[in-house]
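So the chains spell out like this:
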Amino acid sequence: MPDAGIDAGVVTNSLGIAFLLSLTAHPATAQFVDGERFEFERGMMGTEFRIVLYASDSAQAAAAAGAAFARIDALNLTLSDYLPDSELNVVSAQSGTDSLIPTSDDLWTVLLSAQELAAESGGAFDVTVGPLTRLWRRAIRHGVMPDPIALAAARELVGYRFVELDSLDGRGSVVRLALPGMRLDLGGIAKGYAVDEAFGVLRQAGYARALVDGGGDLRLGDPPPNKKGWEIAISYLDTTGARSQRVYLLSNSAVATSGSRYRHLEANGIRYSHIVDPSTGMGLTVDREVTVIAPTCMEADGVASALSVMGVERARPLLAGRAGVQARFVEAGESGFEMTDIPYALHER
């Protein structure tokens, strides 16, 4: 699955150029309550977060954006697998013990969603992939293939069925990792959750005309004043493999993209992606990008991560069971790059 932005050294989204937003300022032209367009940016969770909202008061807009950024900061302290003292790493450090570790509401929510997606995807999405992603991050950084013995050992520690979740009848929730040495990696879903939570802060403050962009993972609210939707330029590979983009009007939805081109390792003429297949322990070698539109960004982020591993045919039953979710695959084939939309084609502006 992709590392979706918790790495403090990564400052772009999972594809480097997955999304471009139309960011021209729009002064108020309709109701006063819509106000002017304000934009705020901050580097967080290893990527750039951008907030766009419409407000009638600059100070109130800045306060709302500051509260949303503070929410993201708090979530990083909970969900990061890079910060040694994060709640996630505290759980991983107690793997293989008999301890039932109490979880915060945030960690519980993300783990529960992750486990559901893991079951639906047959393990293509698996947050226990941490031992493998650590090896592949190091391999890509140094340009050397992971040691086969280390890979085999790490692979034995991966399996979503080794994660035990229990809600204690209103007395809190607990998690247990069954095998010593297991490590959780929420890189394929945590950033989407952070985007959703930041958007929720804005909506709670009364800003329904808002957009949150977490390095290309987007959550969109009501359309801007006098617009049918937010203009979102989704980048993709055309049939020749050249980068192109199409503009779509979207609102009250979320978008995320996962792909194998952003970080990779080339060895013996083969390109291995930073996206790891949990079933094999190997970086993907297929040239594939997946863009997902869903009701929430956590769902879009997680499903895009899963589908990057699954491919088109395995994706169909998973998408059929998720209301309001659609995906666009762009994948290298024998006659060039092929585009497949499931379950239906996206509509351009």
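Going by the structure above, here's the rest.
The structure presented is a predicted model; accordingly, all values stated were derived computationally and were not measured.

Quick notes on the rules
- Residues numbered from 1 in each chain as written.
- Predicted model: local features only at pLDDT ≥ 70, side-chain atom pairs only at ≥ 80, totals over all residues.
- Heavy atoms only, no water.
- Helix = DSSP H or I, 4+ residues; strand = E, 2+ residues; numbered from the N terminus.
- Expected span 1.5 Å × (residues − 1).
- Buried < 20%, exposed > 50% of the residue type's maximum accessible area, 1.4 Å probe, protein only.
- Contact = heavy atoms within 4.5 Å.
- Polar contact = N/O pair within 3.5 Å; in protein donor to acceptor, adjacent residues only side chain to side chain.
- Phe/Tyr/Trp six-rings, centres within 6.5 Å; stacked < 30°, edge-to-face > 60°.
- 1 Å grid on protein atoms, 1.4 Å probe; cavity = no way out; pocket = protein on both sides within 12 Å on 5 of 7 lines; lining within 4 Å.
- Points joined across faces, edges and corners; volume = space filled by probe spheres on them.
- Nonpolar A, V, L, I, M, F, W, Y, C, P; charged D, E, K, R; others polar.
- Core = buried A, V, L, I, M, F, W, Y, C linked by side-chain atoms within 4.5 Å.
- Pairing = 2+ DSSP bridges.
- Salt bridge = Lys/Arg side-chain N within 4 Å of Asp/Glu carboxyl O.
- Axes fitted to C-alpha atoms, helices over the stretch in contact; angles between N-to-C directions.
- Parallel < 35°, antiparallel > 145°, perpendicular 65-115°, else oblique.
- Left-handed = near helix turned anticlockwise from the far one by under 90°.

**Concerning helix 6 (residues 190-204)**
- The terminal C-alpha atoms of helix 6, which comprises 15 residues, lie 21 Å apart, in line with the 21 Å expected from a rise of 1.5 Å per residue.
- Among the residues of helix 6, A190, K191, G192, Y193, A194, V195, D196, A198, F199 and L202 are the ones counted as buried.
- Tucked into the core, helix 6 has its buried residues touching strand 3 (47-55), helix 1 (58-79), helix 3 (105-120), strand 7 (210-214), strand 8 (217-220) and helix 7 (297-310).
- At the C-terminal side of helix 6, G206 shows a positive phi close to 100 degrees.

**As for unusual backbone geometry**
- Following I342, the chain continues into P343 via a peptide bond in cis, with omega recorded as 0 degrees.
- Along the chain, the position of P343 falls in the segment after strand 16 (336-342).
- Even without being glycine, M45 reaches a positive phi, approximately 50 degrees.
- Along the polypeptide, M45 turns up in the loop between strand 2 (36-44) and strand 3.
- Unlike most non-glycine residues, N252 shows phi in positive territory, near 45 degrees.
- The topology assignment puts N252 in the loop between strand 10 (243-250) and strand 11 (253-259).
- When its relative accessible area of 44% is taken as the criterion, N252 is described as partly exposed.

**Description of helix 1**
- For helix 1, which comprises 22 residues, the first-to-last C-alpha distance of 31 Å matches the rise-based estimate of 32 Å (1.5 Å per residue) to within 8%.
- Those residues of helix 1 that fall on the buried side of the exposure criterion are A61, A64, A65, A68, F69, I72, L75, N76, T78 and L79.
- On its buried face, helix 1 sits against strand 2, strand 3, helix 2 (87-93), helix 3 and helix 6.
- Looking at where helix 1 begins, the residue whose side-chain oxygen comes 3.0 Å from the main-chain nitrogen of A59 is D57.

**Things to note about the packing of aromatic side chains**
- Tallied over the entire structure, the rule returns two aromatic pairs.
- Ring geometry for Y54 versus W230: centroids 6.1 Å apart, planes at 50 degrees, classification tilted. With Y54 in strand 3 and W230 in strand 9 (residues 230-237), this pair connects stretches of sequence that are 176 residues apart. There is no split in this pair, since Y54 and W230 are both buried.

**Concerning empty space enclosed by the protein**
- Summed over the entire model, instances satisfying the criterion amount to three cavities of 30 Å³ or more.
- By volume, the largest cavity amounts to about 50 Å³.
- What lines the largest cavity is I234, S235, Y236, E289, V290, T291, R328 and V330.
- Those elements that provide at least two residues to the lining of the largest cavity are strand 9, strand 14 (288-294) and strand 15 (326-333).
- Partitioned by chemical class, the residues of the lining of the largest cavity number four nonpolar, two polar and two charged.

**Observations concerning the nonpolar core**
- The biggest cluster of nonpolar side chains holds 68 residues, and the ones touching the most others in it are I51, L53, L186, L202, V292, L307 and L319.
- With nine residues, the top contributor of residues to this core is helix 7.
- L151, A154, Y272 and V276 belong to the second-largest nonpolar core, a separate cluster that totals 13 residues.

**Digging into the environment of K227**
- Note that K227 resides in the loop between strand 8 and strand 9.
- Judged by its relative accessible area of 40%, K227 is partly exposed.

**Digging into the pairing of strand 15**
- When strand 14 meets strand 15, the two strands line up antiparallel, connected through six bridges. Following the sheet pairing, V292 is matched in strand 15 by A327.
- As defined by bridge partners, strand 15 adjoins strand 16 across seven bridges and the pair is classed as antiparallel. Paired with G333 across the strands is G336, a residue of strand 16.

**A short note on the environment of A62**
- When you line up the elements, A62 lands in helix 1.
- On a C-alpha basis, the gap between A62 and E39 in space is 8.9 Å, while along the polypeptide they are 23 residues apart.

**Regarding the pattern of salt bridges**
- By the definition in use, this model includes 18 salt bridges.
- Close ionic contact of R176 with E164 constitutes a salt bridge, the shortest N to O distance being 2.8 Å. Within this pair, whereas R176 is found in strand 6 (residues 173-177), its partner E164 is found in strand 5 (residues 163-167), the two being separated by twelve residues in sequence.
- R176 sits in the buried class, given a relative accessible area of 16%.

**Topic: the packing of helix 6 against helix 7**
- The N-to-C vectors of helix 6 and helix 7 enclose an angle of 165 degrees; their axes lie 7 Å apart at closest approach. On the basis of their axis angle, the class for helix 6 and helix 7 is roughly antiparallel. Read as a crossing pair, helix 6 and helix 7 show a hand that is right-handed. For the pair formed by helix 6 and helix 7, the contact residues are A190, K191, G192, Y193, V195 and D196 on the first element and C297, M298 and D301 on the second.
- Classifying every residue of the contact of helix 6 with helix 7 by side-chain character gives five nonpolar, one polar and three charged.

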